[in-house]
Amino acid sequence: MICLERIEELKGVEDRGEEIFIGPCTTFTRLLESPVIMNHFPILMEALKVLGSPPIRNMGTIGGNIVTASPAGDTLPPLYLLRAEIELRIKESSRRMSIMDFIKGPGETLLAPGEVLTAIFIRKSPRFNFHHYEKVGARKALAIAIVSFGALLKTSDDGVVEEARLAWGSVAPTVVASPEIEAMLKGCRLSNQVLEKAGQIARAVVKPIDDIRASADYRREVAGNLLLRLALKNGKPS
Amino acid sequence: MKGEKRKVILKEKKVEIPLAKEELEVVGKQVIRKDGYEKVTGRLKFGADFDKAGFLHGKVLRSPHAHALIKKVDVEKAKALPGVVAILTAEDVPGRNGFGAIIPDQPVICGEKVRFIGDGVALVAAESEEAAIEALKLIDVEYEPLSAVFSPVEAMKPGAPKVHENGNLLTTVRIRKGDTEKGFQEAEVIVEQTYSLPFVEHAYMEPDVAMAIPHEDGTITVKGPMQAPFTVRRNIAPVLHIPISKVQCVQTHLGGGFGGKEDSSIDIGVRAALLAWKTKRPVRMEYEREEVTLSTAKRHPMIIQCKVGAKRDGTLTALEGTIYNEQGAYASLGPIIPPAGGTHAHAVIMLPGPYVIPHVKVDGYLVYTNHPYGGAMRGFGAPQVNFVHESIIDELAEALQMNPYDLRMKNCFELGSVTATGQVLDQSIALKETMRSAADQFEWFKRWRPPPSKEEVEKVEKRRGVGMAIGWYRTSIGTFSDGCGANVYVHEDGSVILHTGITEMGQGSHTVLAQIAAEELGVRIEDVRIVVPDTDIVPEAGPTVGSRSTTLMGNAIIMASQAVKASILEAASEILGVPAERLVARNRLIFDRDDQTRGVEFKEAARRALATGKRMMGQGWWAPPRPSFDVETGQGYPYFVYTYNTQMAEVEVDTKTGHVEVIKVVACFDIGRAINPILVEGQIEGGIMMGLGYAMMEEVLLKEGKVQNLNFQDYMIPTAMDAPEIVPMILEDPNRYGPFGAKGIGEMPNIPTAPAIINAVANAVGVRIRDLPAHSEKVFHAMRGRRG
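The numbers attached to residues start from 1 for each chain and follow its sequence in the written order. The order in which chains are written sets their letters, starting at A; the order in which ligands are written sets their numbers, starting at 1. Under the rules for a predicted model, residues below a pLDDT of 70 receive no local features and side-chain atom pairs below 80 are neither given nor counted, while totals for whole chains, interfaces and linings still include all residues.

What to know about the overall build of chain B
Numbered from the N terminus, helices here are DSSP runs of H or I no shorter than four residues, and strands are runs of E no shorter than two. Scanning chain B for helices and strands turns up 20 helices and 32 strands. A radius of gyration in this sense is built from C-alpha atoms; the matching globule rule multiplies 2.2 Å by the number of residues raised to 0.38. In terms of overall size, chain B behaves like a compact globule, its C-alpha atoms giving a radius of gyration of 27 Å where 788 residues would be expected to give roughly 28 Å. Its C-alpha atoms give chain B principal-axis dimensions of about 85 × 75 × 45 Å. Around each residue's C-beta, the other C-beta atoms within 10 Å are counted; 20 or more make the residue buried, 12 or fewer make it exposed, and counts in between make it partly exposed. All C-beta atoms are placed from the backbone. By the burial criterion, 59% of the 788 residues in chain B qualify as buried. Here the contacts in chain B between residues at least 6 apart in sequence split such that 80% fall between residues at least 24 apart. Residue pairs qualify as contacts under a 7 Å threshold applied to their C-beta atoms, which are placed from the backbone.

Here we look at the interface of chain B and chain A
Taken together, the 17 residues of chain B in the interface contact 15 residues of chain A. Asp, Glu, Lys and Arg are counted as charged, while Ala, Val, Leu, Ile, Met, Phe, Trp, Tyr, Cys and Pro are counted as nonpolar; the rest, among them Gly, fall into the polar class. Its residues assigned to classes, the side of chain B that touches chain A shows 6 nonpolar, 7 polar and 4 charged.

Describing the nonpolar core
Residue and element names in this part refer to chain B. We define a nonpolar core as a collection of buried residues of the types Ala, Val, Leu, Ile, Met, Phe, Trp, Tyr and Cys that are connected via C-beta atoms lying within 7 Å of each other. Counting residues in each nonpolar core, the largest one holds 315 residues, and the members touching the most others are Ile757 and Val761. It is helix H16 (residues 549–576) that contributes the most residues to this core, 12 residues altogether. Contacts of valine 761, omitting those with residues within four sequence positions, involve Gly465, Val651, Val653, Val660, Ile769, Ala774 and Val779.

What about the domain arrangement of chain A?
Residue and element names in this part refer to chain A. Domain boundaries in chain A define domain 1 (10–123) and domain 2 (130–237). The split of the chain into domains comes from an automatic or database domain assignment. Summarising the inter-unit geometry, the C-alpha centres of domain 1 and domain 2 are found 22 Å apart. For the side of domain 1 that touches domain 2, the secondary-structure elements that each account for two or more residues are helix H3 (42–49), helix H6 (76–81) and strand S5 (103–105). Residues that form the side of domain 1 that touches domain 2 fall into these classes: 13 nonpolar, 4 polar and 2 charged.

Concerning helix H9 (residues 192–205) of chain A
All names here are of chain A. In this scheme, a helix's expected span is set at 1.5 Å multiplied by one less than its residue total. Spanning 14 residues, H9 covers 20 Å between terminal C-alpha atoms, matching the ideal 20 Å at 1.5 Å per step. Regarding H9, the residues found buried are Leu195, Ala198, Gly199, Ala202 and Val205. Along H9, the residues classed as buried sweep out an arc of 115° about the axis, all on the same side. Seen from the open side of H9, the exposed residues pointing more than 90 degrees away from its buried face are Gln193 and Ala204. Where H9 is buried, its residues contact strand S11 (176–177), helix H8 (179–185) and helix H10 (216–225). Each C-beta atom gives one direction from the helix axis, and the arc is the one those directions make.

Let's talk about the sheet that holds strand S25 (residues 589–592) of chain B
Residue and element names in this part refer to chain B. The strand order S24-S25-S26 describes an open sheet built from 3 strands, whose pairing is antiparallel. Looking along the sheet, the strands with just one partner apiece sit at the ends: strand S24 (583–586) and strand S26 (599–601). Adjacent strand axes in the sheet meet at a mean angle of 20°, parallel and antiparallel pairs treated alike. Bridging between S24 and S25 involves 4 bridges; their strand directions are antiparallel. Within S25, the position partnered with arginine 586 by the bridge is leucine 589. Between the N-to-C directions of two axes lies an angle of 0 to 180 degrees, each axis being a line fitted to C-alpha atoms and, for a helix, fitted only over the stretch in contact. Running at roughly 120° to S24, H16 makes contact with S24, S25 and S26 of the sheet. At least two bridges found by DSSP between two strands are what make those strands a pair.

Looking at the packing of helix H6 (residues 229–240) of chain B against helix H7 (residues 260–279) of chain B
Residues and elements named next belong to chain B. Relative orientation of the contacting elements H6 and H7 amounts to 35°, with a least axis distance of 9 Å. The interaxial crossing formed by H6 with H7 has right-handed handedness. Residues Thr231, Val232, Asn235, Ile236, Val239 and Leu240 of H6 touch H7, and the partners they reach there are Glu262, Ser265, Ile266, Gly269, Val270, Ala273, Leu274 and Trp277. A class-by-class count of the residues in the contact of H6 with H7 yields 9 nonpolar, 4 polar and 1 charged. Left-handed describes a crossing whose near helix is turned anticlockwise from the far helix through less than a right angle; right-handed describes the clockwise counterpart.

Brief notes about the environment of Gly260(B)
Residue and element names in this part refer to chain B. Structurally, glycine 260 can be placed in helix H7. On a C-alpha basis, the gap between glycine 260 and alanine 376 in space is 6.1 Å, while along the polypeptide they are 116 residues apart. Every residue in contact with glycine 260, bar those within four places of it in the chain, is listed here: His202, Tyr204, Thr296, Ala297, Gly375 and Met377.

Quick look at the structure:
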């Protein structure tokens, strides 16, 4: 085992124009303090705020959260929504892929023996005017997600969805996305009726398990219910 | 009140206690914690921080079976492992092979059979921890599994597997008052429900440690975080087959106890002592977090059926209850020693709540099962039954369409009330005042409204509600062993040493006890040093439990302080030429009450007292008025005084997830006199957080006898982020028998919190949770059930 903790090149956040570079050894605390993350990816900030506790955020890194590939990894739904890409290196060669391709299952990734996660890249996406992230856990800190849900929306001035991205955590072996619901919401106003219908689809898409924290049934129900958080308030996303 | 003095009888001895705050210099004041500096700077050593050099490492081999006969234990391979010094099995125990806080029914090392997953089957001592762990794997135990029983109701049935030879029913305690049949005939509304409470882990931050050091003169010292060093000593002596006088127990600073280290320090202390005794070398044992959760005592789970009847106007006419109290594998602090005592008797006594009810019938069964065992945990049986009476009173209020506050106010205790055990409450009872003060602060009447219809709930994403609960709690254990002693030594420079066996667990008792000594002697708190409780040095104190330390030990300290103070005042009298009766000692000065310009420094008087051969030590011994309790009828005076409490909670329930957020808790207490108001507030806030955990997340999950959530990743306790706004309020209705009027506070705060929160949930979303904890999923399913 090799400790990467002291390699400065693997740390920090840099604005590289089109995209943002995040060093995988950057701690959650440092990300929370980063104005770049705050400006460009507020949804990631929401996830970081409810991750672990201050001591864990001081020690834990975003690269660790990715490579651990837990279905409950708190930063994973936002990274999926933001279409994050990662860079892997071994000796002289490197490869770049989307996080969705990288994570295969609980604790399973495409990381090859001897390979190191060396960068995370996220393209700026200013068109999204609305974001939501929520974690349902047994308590408000130091809790492993029972269900988590994130959304990025681009809506018109009168509240019609032009583009939607949705992701659920802790309800399947990996983060769940639903192109079907995303397509369905396009062109709609987010009324309770529309979202109830989307919730039905979500309940069919997720593949949760029973464990010590909650039943599969509860996770499935709540995964659908959390869509209702996107409901319009006064004709606009709240 | 100003200037008023009340004659107080302290065990045959008349003592004048100033009851006016204005007259006190140290008591009732904010002082710096005795252990504060060392704790906040991280310099204080807890049990695990002591140097391990020179110690062998002790480990326990634990049973993987909930119930099984031990056919064979083969230790040869383990013994041959380099570094292993001893492997002990049941036949190696020189004396009694059993320990326990009340009944010694738990084997130090199991010989014939195991009764729960975690039972000790062999002990190992090795030169290194690694060798000890390796040796555990090499011990070959052959078991013959027996069918096991995991529920008290099942365990009571004929033909159930017998956990112990004499059967599974360990203790039955009843209350018979009046005629409940008649009482229910008089009732116009009757509510009947069943409630259930889970096993709960204390989750003290510091896992258990014991260091045992045998000496060449045949004595042995055991050090560790002990909540009750005298109870540990009492258990080690018969196991080693030596007199109590040859066992020394020395307390290290406790990183939390909550009742758990009353038991666990016996468990680990006896085993470490046995290993040290047999190897003739110092042995250190430390239980891992998982071992603590697996094998030490927990809060008793209970299933409780309860029925109450009332007139239309809310007047209570009758209460009946049946308690199935799960003891688990061993007796621990469950059973009763007449005239009272044990968690179980306390639960039975407390089930009718702080209400005047003419007809009461309670049957309480304490039953062995093959689960881990129940013991003392902050509230000693009261949190369980308080949840029941405070839930059912709210359910009754709903049936009567009354405000639950009014129903409580109509029926609850006041001066002169008679309890279900026939005890007349003749002093220090301000329960109704705590209700009024809490209601004013909380704005109860502005905020309470009847529970909503299901349509109203469905309309909103989040809905708020309010709930309340009241409670009472004893001060003292209420058994014959409640006496406690203190020694006070004054030195020629005016400094003071106080010997007390009450242990500091973070609750602040050493600060409070030093305040009492300083006040009585007329010195400053920094002049008083409390030595570490050491059974070779300090007088018998009983255990640090039952919210008894301030009140019982406080009285012993007052007596001891007065005894030595007499010498100091006599010396001052000689210096000043003023009769000793006229002298007052305060803030390091001794002066003439009638002419306050005439005085002498305390230390000067102390110097003269020593020089003139006066007695420089004082001893005190105090026990409360002797309790009485009949286990068949439940009649008697089991405890001499009670603390009273009202809590009001506001919650917000997420109708889409079932998540409950506690927004605010107002908690008002009648504690007689707050010796240290800041520490009292600390107890209140900590207790409420513990009660919040009990309400919403804490539960030891068991599957076929096996604990599923052994560590803090899976066992949930509330974090600081889960803390609501807490408003602690203190009322002081002086206790005639307490030092400066005090009574206990340690346990009361965590008791009514859970029902207050659960009542608020019912008020918010119209669903009632009758089995704790009310985690999100349970609340969610209850709401969905209501939707149909």
